[in-house]
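Structural characterization, general
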Protein chains: 2
Amino acid sequence: MNIDSVKSMTENCPIARWRRKKEARPAEILDAALSQFVEKGYRATKMEDIARAAGVTKGTPYLYFQNKEEIFKAIARGTFVANLQQLDRLADDFDGSASALLHQMVAHWWQEVGCSPSAGLCKLMIAEAANFPELARFYFEELIAPSNQLLSRVLQRGIDSGEFRAVPLVHTVDALLAPLLTTMIFSHSFGQLPGCCIGSTKDPLGFLQDALDLVLHGLKNN
Amino acid sequence: MNIDSVKSMTENCPIARWRRKKEARPAEILDAALSQFVEKGYRATKMEDIARAAGVTKGTPYLYFQNKEEIFKAIARGTFVANLQQLDRLADDFDGSASALLHQMVAHWWQEVGCSPSAGLCKLMIAEAANFPELARFYFEELIAPSNQLLSRVLQRGIDSGEFRAVPLVHTVDALLAPLLTTMIFSHSFGQLPGCCIGSTKDPLGFLQDALDLVLHGLKNN
DNA sequence: GATTTAACTGAATCAATATTCATTAATGTC
DNA sequence: GACATTAATGAATATTGATTCAGTTAAATC
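These numbers were taken from a predicted model, which means no experiment stands behind them.

1. Comments concerning the interface of chain A and chain B
With 54 residues of chain A at the contact, the number on the chain B side is 54 residues. Note on chain A versus chain B: buried area summed over both sides is about 4400 Å², and carbon and sulfur give 72% of it. Its largest share of buried area at the contact with chain B, chain A owes to A:His171, A:Phe190 and A:Leu214, together 16% of the area lost on that side. The interface formed by chain A and chain B includes 0 salt bridges. Ranked by residue count, the leading element in the side of chain A that touches chain B is helix H10 (residues 169-187) of chain A, at 11 residues. The residue inventory of the side of chain A that touches chain B, partitioned by class, reads 31 nonpolar, 13 polar and 10 charged.

If you want it as structure tokens, here you go:
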């Protein structure tokens, strides 16, 4: 193929081969990178995988980010779930029973976090904690610890009001969180493979509600 | 340093620089590889990391295994938790209440799986499921699905005998497994970082017992 | 519609690390 | 204690994939 034919091909091409999108690119690249990282892991994801998933070629991500590690960090910082604040407010404003509040919180969490890309980030951080200890600590201190605090507060309120019996607080908080965690994690690993599904994969929200009911029934003061 | 000095150093060396261990090497290498893979992930682990952790140099693993991938596969197949059979037998032979049986099973599981290297493999498979789909399916079919089955049977027995109320079986099984999974996973990620500990990290067995008690209390037929 | 700007491409480069293999040395045998 | 055998070493090589940058082209401006 000679220069002329290439030229004419290009000139005749009815649609552009690519488009300039200075504003949208960074977000597109981060979205693509997150899903690739979650699927394959950080190391196994090639820059070209990210580029292809974002609909660009492998040079383009470097126009917007220093390197692969900076992409990872940008994701971890950016996908940050400011959502906790909403849950905090929900808990403060709510004036029904602690059980009803917990149901609301789980529903809200599923909607905003559990079934969102944030859930994938959570799995990713678990897998990469040892490779990015600073980020992992950030994530722990800004997300995991406060989540525990919040749940702890709600639980304590229920105990104080006599709605719940006096259970070991710390362990109970973790027990309440466990179904949320496994749902996120499982749905981003085995859950992706055809045929590898368990109860919680088919109907995540239903599972979360049932698991919560079970524990709440166990918390009842009678 | 000339040839002679090297020679004399070698000759004077009071202890051998290495030992021949044809029989023991494969297991040593697999053990080392498992802990490295669990810590850093499959891709981020260098063959030299594995060799160093096994106390050999980087050529040695290749005397016993084709390549890195074969090491991973050998681990996944070999670390296989034949332990399920023991749990199966435990369940079949037990003649106390279903609650007591579940407590026994959890204690046994923690001892044999939860705090063993198998737990690390579990975290690893979760992270690598998409990169090794065949292995992941094997793992799912041979381990996860049968575990679910077993728990399901025990639960059903408790329901049939009137010990438990009639709960949605599938979701309840997953709810029972969730604390076990989070304990394994968490202790091999954030749990490794100094200061990043939650209730279940400090006293895993205590947490598992408390979480089980909570759910059992919720299962009670009253 | 010609000119300018800068977003985007992708072949070329470079670095990291997987793998090989010629050499060395531990151990068993005579 | 010399010899043969073969496990183990580690420098050399091959491969993979991250990063660069000279050239191309979409789109803004005049």
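2. Quick notes on the protein's contact with DNA strand D
Within the structure, DNA strand D sits among 27 residues, and A:Arg20, B:Arg20, B:Arg25, B:Thr60 and B:Tyr64 are positioned closest to it. Between DNA strand D and B:Arg25, the relevant distance is 2.6 Å, taken from a phosphate oxygen to a side-chain nitrogen or oxygen of the residue. A distance of 2.3 Å separates a phosphate oxygen of DNA strand D from a polar side-chain atom of B:Thr60. Within the surface near DNA strand D, the residues separate by chemical class into 8 nonpolar, 6 polar and 13 charged.

3. Comments concerning the pattern of salt bridges
All names here are of chain A. Taken as a whole, this structure holds 18 salt bridges over all chains when the rule is applied. We note a salt bridge from Glu-70 to Lys-73, for which the minimum N-O separation is 4.0 Å. Here the residue Glu-70 and the residue Lys-73 both occupy positions in helix H5 (residues 68-78), the gap between them amounting to 3 residues, near one helical turn. Between Arg-153 and Asp-92 there is a salt bridge; the shortest N-O distance is 2.9 Å. Separated by 61 residues along the polypeptide, Arg-153 in helix H9 (residues 133-160) and Asp-92 in helix H6 (residues 83-93) bring together distant segments of the chain.

4. A few points about the protein's contact with DNA strand C
Inspection of the region around DNA strand C gives 26 residues, with A:Arg25, A:Thr60, A:Tyr64, B:Met47 and B:Tyr62 positioned closest. Here, DNA strand C places atoms within 4 Å of the protein, and 73% of those atoms are sugar or phosphate. Residue composition of the surface near DNA strand C, grouped by class: 7 nonpolar, 6 polar and 13 charged.

5. Some words on the environment of A:Ala53
Note on placement: A:Ala53 falls in helix H3 (residues 47-53). Contacts of A:Ala53, omitting those with residues within four sequence positions, involve A:Ala32 and A:Gln36.

6. Topic: helix H3 (residues 47-54) of chain B
All names here are of chain B. Those residues of H3 that sit buried are Met-47, Asp-49, Ile-50, Ala-51 and Ala-54. Among the structural elements, helix H2 (25-40), helix H4 (61-64) and helix H5 (68-78) are those in contact with the buried residues of H3. Immediately beyond the C-terminal end of H3, within one or two residues, lies Gly-55, with a positive phi of roughly 80°.

7. Section: the relation of the copies chain A and chain B
Of the transformation placing chain A onto chain B, the axial shift is 0.0 Å and the rotation is 180°, giving an RMSD of 0.1 Å. A rotation of that kind, with that shift, is consistent with a two-fold axis. Taking the C-alpha atom as reference, chain A places A:Gly218 closest to the rotation axis, 1.7 Å from it. Interface overlap between copies: 100% of the residues of chain A at the interface are likewise at the interface in chain B, consistent with a symmetric, same-surface contact.

8. Describing the UniProt feature "DNA-binding region" (unreviewed entry) in chain A
Mapped onto this structure's residue numbering, the UniProt feature "DNA-binding region" (unreviewed entry) falls at residues 46-65 of chain A. As a span, residues 46-65 of chain A carries 55% helix and 0% strand, and end to end its C-alpha atoms are 15 Å apart.

9. Thoughts on the domain arrangement of chain A
Residues and elements named next belong to chain A. Once the domains are mapped, chain A shows domain 1 (22-65) and domain 2 (69-219). Every contact between the two is made by 12 residues of domain 1 and, on the other side, 14 residues of domain 2. Across the interface of domain 1 and domain 2, roughly 1100 Å² is buried in total on both sides, 80% from carbon and sulfur atoms. Interface area lost by domain 1 to domain 2 is led by Leu-34, Val-38 and Tyr-42, which between them contribute 56%. Where domain 1 touches domain 2, the interface holds 0 salt bridges. Summed over the shared surface of domain 1 and domain 2, the result is 3 residue pairs in polar contact (both at pLDDT 80 or more). Among the elements that take part in the side of domain 1 that touches domain 2, helix H2 (residues 25-40) stands out by supplying 7 residues, more than any other. In terms of residue class, the side of domain 1 that touches domain 2 is built from 10 nonpolar, 1 polar and 1 charged.

Reading the values: rules and limits
- Residues numbered from 1 in each chain as written.
- Chains lettered and ligands numbered in written order.
- Predicted model: local features only at pLDDT ≥ 70, side-chain atom pairs only at ≥ 80, totals over all residues.
- Heavy atoms only, no water.
- Contact = heavy atoms within 4.5 Å.
- Buried area = accessible area lost by both parts, 1.4 Å probe.
- Salt bridge = Lys/Arg side-chain N within 4 Å of Asp/Glu carboxyl O.
- Helix = DSSP H or I, 4+ residues; strand = E, 2+ residues; numbered from the N terminus.
- Nonpolar A, V, L, I, M, F, W, Y, C, P; charged D, E, K, R; others polar.
- Near = heavy atom within 4 Å.
- Polar contact = N/O pair within 3.5 Å; in protein donor to acceptor, adjacent residues only side chain to side chain.
- Buried < 20%, exposed > 50% of the residue type's maximum accessible area, 1.4 Å probe, protein only.
- Least-squares fit on C-alpha atoms with pLDDT ≥ 70 in both.
- UniProt positions renumbered as here; feature names shortened; annotations may be inferred.
- Domains from an automatic or database assignment.

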